[in-house]
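# Secondary and tertiary structure notes
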Amino acid sequence: MADIELRNLTKRYGALTAVDSVDLDVEAGEVMCLLGPSGCGKTTTLRMIGGLEWANEGDIFISGKRVNNLKPAQRNIAMVFQFYALYPSLTVADNLAFPLHAENVDKAEIDRRVQHIANILELDHALGRIPGRLSEGEKQRVAVGRAIIRNPQCFLFDEPLSRLDIALRQEMRGQIKMLLSDLNKASVIVTHDQIEALTIGDRIAVMNDGLIEQVAIPHDIFASPANIFVAGFIGTPQMNLIAGRNVKPNSGDEGGVELQLCRQDVILPVELAASYNADITVGVRPRSFDLASESAADTISGMIDLIEPMGAETLLHLTTEGEELRVVTDHRAAPPLGAQIHVRPRAGQIHLFDERGMRIQI
Ligand code: ATP
């Protein structure tokens, strides 16, 4: 039994279905990231788990108990929001202790738990300070500490790091990951930042238009996207998604499939069922091409019409007969603007999607 179970969870606002029949299990000790574009229903899902929104349909179970009709305080959940409100006139120690006062915990136990949390979150030095004298990262840690001090059943985080600058966000990502793995509770983190989801999440649920598109470990979300939406959403620069027409098995010795890509006849090193004859979408990440010295049966040709330096790498934009392709190369190997080049999609790194946009297993 998972610690958090969502079954057919649905939320409507008038005609809009914000969350559409969501099924999700989060195990004890697992960090589940809800990832997706703005408005896809992540926060609404989280708020329903926390009891801040009522579900129109479906069930929410926490440790096996249906909690749909329980108020937030009765669900034994800790929530950390993007806009954490600390009590400005209370010290860090008193901010941390606040939830325990409400539960009538005795003073000695409060002191023990405050000290324990301060140790874990490296806030010992700041216990006597008020929030106005803390850095943003310290304030964020106090907000997290205040949420976990009650020893709740599970944790819900809504964009917990989005207010921090990039350097601090990177540091806090590591700290939150370590903290959550020590606490061994089910956690759900809402984020629109894919790096955050890929680094913190044990699994990621990618949402789009109220639906869950895929739930998988970070590597599988990246390496085996279930459909075109996930393929295009995860990874920067974005995966090239190219229409492939007239698909048929290659009759030559080298095998693979023959098809039209960017209005060029190309042989791709993938094996498809011999009967496959519908149009497909070919997905190739910009880092999954090799530069070829000349045109060949397994290359695509194009002209470089834009170059974007990215430090050690360079992003080339190619105009081909029918498409724009993004190709990343080592900056030392980058050809000049206007050059006609030939790129070879790397075997084992090619994704195929059927007419409905679903992954074709190859
Ligand atoms: P973001 O990353 O921008 O916070 P999100 O994925 O968390 O987006 P939600 O906040 O869950 O998305 O919103 C899902 C949809 O429901 C959106 O279209 C939003 O406009 C709508 N919505 C959310 N709350 C309400 C509300 N109280 N009344 C009406 N519509 C709402």
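Our subject is the structure that appears above.
Read on for an overview of the structure. One numbering rule holds for all chains: residues counted from 1, following each sequence as written. Since the coordinates come from a predicted model, pLDDT governs what is reported: local features require at least 70, and pairs of side-chain atoms require 80 or more to be given and counted, while whole-chain, interface and lining totals use all residues. Processing note: side-chain calculations cover all non-hydrogen atoms of the structure and skip hydrogens and water entirely.

### With respect to the site of the ligand
The condition is simple: It suffices for a single heavy atom of a residue to lie within 4 Å of a molecule or strand for the residue to be listed as near it. Counted as a polar contact is a pair of N or O atoms within 3.5 Å, where, for protein atoms, one must be capable of donating a hydrogen and the other of accepting one, and residues adjacent in sequence contribute only when both atoms are in side chains. Secondary structure is summarised from DSSP: a helix means a run of H or I of at least four residues, a strand means a run of E of at least two, and numbering begins at the N terminus for each. Under the scheme applied, nonpolar residues are Ala, Val, Leu, Ile, Met, Phe, Trp, Tyr, Cys and Pro; charged residues are Asp, Glu, Lys and Arg; polar residues are all the others, including Gly.
Taken together, the residues surrounding the ligand are Tyr13, Leu16, Ala18, Pro37, Ser38, Gly39, Cys40, Gly41, Lys42, Thr43 and Thr44. Tyrosine 13 places a polar side-chain atom, nitrogen or oxygen, 3.5 Å from a nitrogen atom of the ligand. Glycine 39 places a main-chain nitrogen or oxygen 2.7 Å from an oxygen atom of the ligand. Counting only elements with at least two residues in the shell around the ligand, the list comes to strand 2 (16-26) and helix 1 (42-50). Ranked by residues supplied to the shell around the ligand, first place goes to helix 1 with 3 residues. Class assignment for the residues of the shell around the ligand results in 5 nonpolar, 5 polar and 1 charged.

### Looking at the sheet that holds strand 20 (residues 350-353)
Quick note on the threshold: At least two bridges found by DSSP between two strands is the condition for calling them paired. Between N-to-C directions, angles span 0 to 180 degrees; the directions come from axes that are lines fitted to C-alpha atoms, helices contributing only their stretch in contact.
In space, the 5 strands of this open sheet follow the order 13-12-11-14-20, with antiparallel pairing throughout. This sheet does not close on itself; its edge strands, each paired only once, are strand 13 (264-268) and strand 20. Ignoring which end each strand starts from, the neighbouring axes of this sheet average 40 degrees apart. Of the pairings in the sheet, the one linking strand 14 (residues 280-284) to strand 20 comprises 4 bridges and is antiparallel in character. The residue bridging valine 284 from the neighbouring strand is isoleucine 350, located in strand 20.

### Topic: the packing of helix 2 (residues 92-102) against helix 4 (residues 136-148)
The line we're drawing: Oblique is the label for any angle not covered by the other classes, which are roughly parallel (under 35 degrees), roughly antiparallel (over 145) and roughly perpendicular (65 to 115). Handedness of each helix crossing follows the sense of rotation of the near helix against the far helix: counterclockwise by less than a right angle gives left-handed, clockwise gives right-handed. Any two residues having at least one pair of non-hydrogen atoms within 4.5 Å are treated as being in contact.
For the pair helix 2 and helix 4, the least separation of the axes is 7 Å and the interaxial angle reads 30 degrees. One finds that helix 2 runs roughly parallel with respect to helix 4. Here the hand of the crossing between helix 2 and helix 4 comes out right-handed. Listed contacts from helix 4 to Val92, Asn95, Leu96 and Pro99 of helix 2 are Val142, Gly145 and Arg146. Residue composition of the contact of helix 2 with helix 4, by class: 4 nonpolar, 2 polar and 1 charged.

### Here we look at the sheet that holds strand 2
If you walk across this open sheet you meet the 4 strands as 2-1-4-5, and the pairing is antiparallel. A strand with exactly one partner marks an edge of an open sheet, and here the two such strands are strand 2 and strand 5 (65-66). Where strand 4 (residues 57-62) lies against strand 5, 2 bridges are found, and the strand directions are antiparallel. The residue bridging isoleucine 62 from the neighbouring strand is lysine 65, located in strand 5. In the packing of helix 1 onto the sheet, contacts are made with strand 1 (4-13), strand 2 and strand 4, and the angle to strand 1 comes to roughly 120 degrees.

### Details of the pairing of strand 9 (residues 203-208)
Short version of the rule: Exposure is judged per residue with a 1.4 Å probe applied to protein chains only, and the accessible area is read against the type maximum: over 50% gives exposed, under 20% gives buried, and values in between give partly exposed.
Among the 6 residues that make up strand 9, 5 are buried, leaving the element largely enclosed by the rest of the structure. In terms of strand pairing, strand 3 (residues 31-35) meets strand 9 through 4 bridges, oriented parallel. Across the sheet, the residue bridging to leucine 35 is valine 206, located in strand 9. When strand 9 meets strand 10 (residues 211-216), the two strands line up antiparallel, connected through 5 bridges. Residue pairing for strand 10: isoleucine 204 is matched across the bridge by alanine 216. The antiparallel pairing of strand 9 with strand 10 creates a hairpin that spans 2 residues between the two strands, and aspartate 209 there sits at a positive phi of about 55 degrees.

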